[in-house]
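Working through the structure, step by step
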Amino acid sequence: MKRITLLVFLLLTSLNAQQGISIQLDIFQDLSTIDLAAFMQDKNIANQPRIMRVSIFPENVEVIVEGFVEWKKDENSSFVRVVYFKTNPFLSRSFYNDELDNGDLIYKESELNSNIISDIVNIGKPRGIFRVVLKVQDINSGAQDEEERTFTFLNTTAPEITSPLESEEVDVGNIIITWDKSIGASSYIVKANYKNDESSAEDALNSGNPLVDNLEVDANTTQINLTNYLGREVLPDTNVVVSVAAKIEGAGEVLFLRSKPRVFRTSSTAGGETESMRVVNPVILRLANFLQNKISPELVNKLLNGEISPEKVKIFDSEGTQLDFSDLNAILDYLDQNERSIISVEFNNR
């Protein structure tokens, strides 16, 4: 019962009521930083800090509040019911979160999806999309109103390096590193170092005297030429490991979400104005990374080297209707999150 009360309160929103009934929510801190597990524990609810206040107007009116909360983990998922509740009659007033489940603030009916609650709690912080529907009724006059609101919390993921590919050979004089954007990142941190055959990628990154030591670039940058930021000379015919971390700044904390390390090899000699120096469309690079190990390496390399421009990429839906190239990024977003939806990948060399 306490878990239900706390979840409902966490997601409570303003009810722009008609016919004289209104409810207002004041929040004292960023909800995205709240530890959900702490607010859904069974004990010591009264000891939780005051982070929000609910005000119902007019006061001293006997009312009932009924509603439900739904949640989906991302844009590509469907809403699932988390909580349904209906209160006992109580006199409208203002109250804080640490006053819940005491006195007259008791629920008459409630249903809880414990599996979904566990999923949300395990995430630790509010993530995904929450939809709240509230109904308020004045018991004496019968006046009522309904409000629906949606709360979206960014579900930030670590960036993924899209170029170079794993074990790819790159021009020692022109090392282009490209990665995907991370939602909510305030900047990116790039680190690179040599890797010998005995060391792991992680150990190599954390060993002394790196090639690039925590280079910070702005949030709009997703591609750099590593050779412009070297702390020491990069040698030909050597293995190099690189990682990119997204810096996420929240209320009172800073998180660093680091990509999986990528190992590549430098060429034996520096080239001139070669194919590897072409500026390749980031979406094309992302497509190449997605297709790696799924189709012929020949096509992947052509995408990576810029031999296939965006104008040459044609996208069609199941009905044969051609889509815009701008839709490709959204399609790759969906496939990254729903890999099981991929039936097959075929390559026909024409």
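Residues numbered from 1 in each chain as written. Predicted model: local features only at pLDDT ≥ 70, side-chain atom pairs only at ≥ 80, totals over all residues. Heavy atoms only, no water.

So, about the side chain of serine 92. For serine 92, the position within the fold is in the loop between strand S5 (90-91) and strand S6 (94-96). Serine 92 sits in the buried class, given a relative accessible area of 1%. Within polar-contact distance, the side chain of serine 92 engages the backbone oxygen of proline 58 at 2.5 Å. Leave out the neighbours within four places in its chain, and serine 92 touches Ile56, Pro58, Glu59, Asn60, Val61 and Val63. (Helix = DSSP H or I, 4+ residues; strand = E, 2+ residues; numbered from the N terminus. Buried < 20%, exposed > 50% of the residue type's maximum accessible area, 1.4 Å probe, protein only. Polar contact = N/O pair within 3.5 Å; in protein donor to acceptor, adjacent residues only side chain to side chain. Contact = heavy atoms within 4.5 Å.)

Every α-helix winds through 3.6 residues per turn, so residues three or four apart in the chain are directed the same way. Of all the residues in helix H6 (residues 297-304), the buried ones are Leu299, Val300, Leu303 and Leu304. Taken end-on, H6 shows its buried residues confined to a sector of 140 degrees, consistent with a single buried face. On its buried side, H6 packs onto strand S10 (161-163) and helix H5 (282-291). Just downstream of H6 lies glycine 306, where phi reads positive at about 85 degrees. (Arc of directions from axis to C-beta.)

The peptide bond linking serine 163 to proline 164 adopts the cis configuration, its omega dihedral lying at 0 degrees. Note that proline 164 resides in the loop between S10 and strand S11 (169-170). One non-glycine residue, asparagine 214, lies in the positive phi region at around 55 degrees.

The next point concerns the packing of aromatic side chains. Inspection of the entire model under this criterion finds one aromatic pair. Across the ring face of phenylalanine 68, the terminal group of arginine 81 is positioned such that the distance to the ring centre comes to 4.0 Å. Residue placement shows arginine 131 over the ring face of phenylalanine 79; its charged tip is 4.0 Å from the ring centre. (Phe/Tyr/Trp six-rings, centres within 6.5 Å; stacked < 30°, edge-to-face > 60°. Lys NZ or Arg CZ within 6 Å of the ring centre and 35° of its normal.)

Residue-level pLDDT values for the protein chain average 77, and 77% of them are 70 or greater. This stretch, residues 1-18, has a pLDDT under 50; its non-local contacts, to residues over four places away or in other chains, come to 67 contacts. Low pLDDT (under 50) marks residues 272-277, which in the prediction has 10 contacts with non-local residues, meaning those over four places away or in another chain. (pLDDT = per-residue confidence, 0-100.)

Tallied over the full model, the rule gives seven salt bridges. Two residues, aspartate 104 and arginine 93, come together in a salt bridge whose shortest N-O distance is 3.0 Å. Of this pair, aspartate 104 sits in the loop between S6 and strand S7 (107-112) while arginine 93 sits in the loop between S5 and S6, placing them 11 residues apart in sequence. On the basis of relative accessible area, aspartate 104 is assigned to the partly exposed category, the value being 29%. One salt bridge in this structure joins arginine 262 and glutamate 166, with 3.4 Å as the shortest N-O distance. (Salt bridge = Lys/Arg side-chain N within 4 Å of Asp/Glu carboxyl O.)

As a further point, take the packing of H5 against H6. At a closest axis distance of 8 Å, the pairing of H5 and H6 adopts a crossing angle of 160 degrees. Taken together, the axes of H5 and H6 lie roughly antiparallel to each other. Of the two elements, H5 crosses H6, and the hand of that crossing is left-handed. Between H5 and H6, the residues in contact are Ile284, Leu285, Leu287, Ala288 and Leu291 and Val300, Leu303 and Leu304, respectively. (Axes fitted to C-alpha atoms, helices over the stretch in contact; angles between N-to-C directions. Parallel < 35°, antiparallel > 145°, perpendicular 65-115°, else oblique. Left-handed = near helix turned anticlockwise from the far one by under 90°.)

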